[in-house]
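Now for the letters of each chain:
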Amino acid sequence: MANILVVDDELGIRDLLSEILNDEGHQVDLAENAAQARAARALARPDLVLLDIWMPDTDGVTLLKEWSSSGLLTMPVIMMSGHATIDTAVEATKIGAMAFLEKPITLQKLLKAVEQGLARTVARPPANALKATSPLVDFVPEVIMAGSVLMATADRGLQSTQSFMLEKPLRDARDEFEKAYFEFHLAKEGGSMTRVAEKTGLERTHLYRKLKQLGVDLTRGKRNL
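One structure accompanies this document, and this report is about it. (Residues numbered from 1 in each chain as written. Predicted model: local features only at pLDDT ≥ 70, side-chain atom pairs only at ≥ 80, totals over all residues. Heavy atoms only, no water.)

## Here we look at the nonpolar core
A general trend in soluble globular proteins is that nonpolar side chains are found buried together.
Link 1 in the chain: Membership of the largest hydrophobic core comes to 21 residues, with the highest contact counts inside it found for V7, V49, L51, L64, W67, V77 and M79.
Link 2 in the chain: For this core, the element with the highest residue contribution is helix α3 (residues 60-69), accounting for four residues.
Link 3 in the chain: Each residue touching M79, except ones within four places of it in the same chain, is listed here: L51, I53, G60, V61, L64, A92, A97, A99, F100 and L101.
Link 4 in the chain: L30, L101, L110 and V114 belong to the second largest nonpolar core, which has 17 residues in total. (Core = buried A, V, L, I, M, F, W, Y, C linked by side-chain atoms within 4.5 Å. Buried < 20%, exposed > 50% of the residue type's maximum accessible area, 1.4 Å probe, protein only. Helix = DSSP H or I, 4+ residues; strand = E, 2+ residues; numbered from the N terminus. Contact = heavy atoms within 4.5 Å.)

Right, dumping it as structure tokens:
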């Protein structure tokens with residue numbers, strides 16, 4: 001089980017890759033442009049990214065350079081394109097992409113590339129670098145002797161301090177953090193999905209699906225008013 005981010009401006013490609021990867025047991029987040037990819041990367045810190053080269057706002061190679069130069073390229077990235085030249089593919093691999101898939105992508109090549117990417121050992125940034133690499137969550141982590149991590153946000157109200165056990169499986173710990181994060185912002189924004197979507201940089205449909213998946217009480221924020 002891995003958390004995979006698929007970045008592609010074509011809805012059909014996103015849906016197809018999501019279906020295939022979900023069938024393989026992976027958790028998939030979707031982004032249709034660079035802005036959504038930045039938000040998703042900051043929020044979920046994916047284990048692997050499938051990144052389209054040609055996108056309308058910021059192309060994939062530019063986004064890859066941005067992640068690399070800012071220390072955010074801490075996960076394997078597989079580039080995808082149906083129109084890229086050999087020079088573009090070579091440039092992407094020099095920047096840090098681990099592989100390049102040409103569209104239309106065959107099932108065999110996709111699964112092989114994903115398997116190789118997830119098997120690749122990637123160094124994670126140290127704890128003191130998390131503040132700089134997570135623009136959506138302003139927190140300072142502190143490891144406690146009992147085997148938990150204290151996440152303290154800049155805003156001290158609305159249960160802005162949470163404690164998470166580090167001995168849990170990665171997915172359980174991640175889901176616990178994400179649920180607390182969204183509950184905090186729902187309470188802060190009075191239960192407004194629109195304002196929470198703007199705050200987190202997610203589309204309303206993606207946000208709603210995420211909240212339902214995590215079991216977040218969507219009425220909680222309104223009850224706290």
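## Regarding the environment of V196
Link 1 in the chain: Here V196 is to be found in helix α8 (residues 193-200).
Link 2 in the chain: Relative accessible area serves as the criterion here: at 0%, V196 is assigned to the buried category.
Link 3 in the chain: With 13 residues separating them along the chain, V196 and E183 place their C-alpha atoms 10.0 Å apart.
Link 4 in the chain: With near-sequence residues (within four places) excluded, V196 lies in contact with H185, L186, E189 and L207.

## As for the packing of aromatic side chains
Link 1 in the chain: Evaluation of the coordinates by the stated rule reveals one aromatic pair.
Link 2 in the chain: Ring geometry for Y181 and F182: centres 5.4 Å apart, planes at 70°, overall edge-to-face. No difference in accessibility class separates Y181 from F182, as the two residues are buried. (Phe/Tyr/Trp six-rings, centres within 6.5 Å; stacked < 30°, edge-to-face > 60°.)

## A word on the side chain of S18
Link 1 in the chain: Relative to the assigned elements, S18 resides in helix α1 (residues 11-23).
Link 2 in the chain: Of the residues examined, S18 reaches a relative accessible area of 12% and is grouped as buried.
Link 3 in the chain: Beyond its immediate chain neighbours, meaning those up to four positions away, S18 contacts V28 and L30.

## Topic: the packing of α8 against helix α9 (residues 204-214)
Link 1 in the chain: Where α8 contacts α9, the two axes come as close as 9 Å, and the packing angle between them is 100°. What the angle tells us is that α8 and α9 run roughly perpendicular. Judged by residue contacts, M193, T194, V196 and A197 of α8 engage R204, L207, Y208 and L211 from α9.
Link 2 in the chain: Its residues assigned to classes, the contact of α8 with α9 comprises six nonpolar, one polar and one charged. (Axes fitted to C-alpha atoms, helices over the stretch in contact; angles between N-to-C directions. Parallel < 35°, antiparallel > 145°, perpendicular 65-115°, else oblique. Nonpolar A, V, L, I, M, F, W, Y, C, P; charged D, E, K, R; others polar.)

## Here's the deal with the sheet that holds strand β1 (residues 3-7)
Link 1 in the chain: Overall, parallel pairing links the five strands, which are arranged β2-β1-β3-β4-β5 in an open sheet. Whereas interior strands pair on both sides, the edge strands pair on one side only; in this sheet they are β2 (27-31) and β5 (99-102). Strand-to-strand twist of the sheet, defined as the mean angle between neighbouring strand axes without regard to direction, takes the value 20°.
Link 2 in the chain: Strand direction decides the pairing type here: strand β3 (residues 48-52) and strand β4 (residues 77-81), joined by four bridges, are parallel. (Pairing = 2+ DSSP bridges.)

Bear in mind that shape data such as this cannot, by itself, settle questions of function.
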